[in-house]
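Coordinate analysis (summary)
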Amino acid sequence: MRLSNSLFSLFKHVKRETVMGLKSPEQKSGHLVVPGERLGVIEEFIPDSGTFVKDGVIFSKIVGRSLVDLQNRRVSVYPAVEGAVVPKVGSIVVGQIGNAQSDNVLVRIFKVGNKKISGEFGGILHISDVSDRYVTVMGDVCKTGDIVRAKVISEKNRIFHLSTNDKSLGIVDAFCSRDGTLLDPDRYDLRCPKCGNIEKRKLAPDYGKEAI
Ligand SMILES: [Zn+2]
């Protein structure tokens, strides 16, 4: 009994060392995780509450603290109640413009307030929420790849609906649609320092100054 106990603790110790030896930061308990964050693989762990599995990889389903139970080989995520950086209605967020349609664009949110988030949240900016002024072409507001500062006006099914309808909000970095060069402010428009192309955006007042 005594021997098997000490063997067991030795085994536990060895297992622990092995796991630590993998140097996977995602396998540390108490790590703050966001939806879609990798937690481990099913060869090593049994996925538990707050997780999902895709192609053998365990991901977090929620924002929370990961709990890695090395003895039972279980990984779970407990909802974070405080300190988590998650967009809320009213949050100012920064993101990159993704797929653009004629009346809306998708935004990959990577910053909430001044804090970068390690995961990603999806946002959508509709043409009616761009500005007080009547906007007819989304391409005059933003283009795919641009960086936008926006406000979260609603949330439904984890999709954050965004608005740039405020003087402080809008595009903070834009890229030439011909050659991808970062555009320079030029009076009321933007100008490509490489090819001279003039482009329009719904600009934030501090265009080019947001720390990405
Ligand atoms: Zn250019």
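As shown above, the structure is provided for reference.
Computed from a predicted structure; not experimentally measured.

Below, the discussion takes up the sheet that holds strand S3 (residues 46–47). Spatial strand order, S1-S6-S7-S3: four strands in an open sheet with mixed pairing. Both edges of this open sheet fall to strand S1 (32–33) and S3, since each of them pairs with a single strand only. Sheet topology note: the S3/strand S7 (residues 74–79) ladder contains two bridges and is parallel. Bridging across to S7, Ile 46 finds its partner in Arg 74.

For a regular strand, side-chain orientation follows a simple rule: the groups alternate between the two sheet faces. Looking at chain direction, strand S8 (residues 92–100) and strand S9 (residues 104–112) are connected through six bridges and run antiparallel. Counterpart to Gly 95 in the pairing with S9 is Ile 109. Hairpin remark: S8 followed by S9, antiparallel, with three residues in the connecting loop.

Attention now goes to unusual backbone geometry. Of note, Asp 55 is a non-glycine position whose phi angle comes to about 50°, a positive value. Looking at the secondary structure, you find Asp 55 in the loop between strand S4 (51–54) and strand S5 (57–60). For Asp 55, a count of 6 C-beta atoms within 10 Å puts it in the exposed group. Non-glycine residue Arg 187 carries a positive phi angle of around 55°.

Here we take up the sheet that holds strand S16 (residues 198–199). Two strands in a sheet stick together by hydrogen bonds in their backbones, pointing the same way (parallel) or opposite ways (antiparallel). Within the open sheet, the three strands sit side by side as S14-S15-S16. Their pairing is antiparallel. Single-partner strands in this sheet number two, and they are strand S14 (184–186) and S16. Strand direction decides the pairing type here: S14 and strand S15 (residues 189–191), joined by three bridges, are antiparallel. In the sheet register, Asp 184 faces S15, and the bridge partner there is Arg 191.

Conventions adopted
- Residues numbered from 1 in each chain as written.
- Predicted model: local features only at pLDDT ≥ 70, side-chain atom pairs only at ≥ 80, totals over all residues.
- Pairing = 2+ DSSP bridges.
- Helix = DSSP H or I, 4+ residues; strand = E, 2+ residues; numbered from the N terminus.
- Buried ≥ 20, exposed ≤ 12 C-beta atoms within 10 Å, placed from the backbone.

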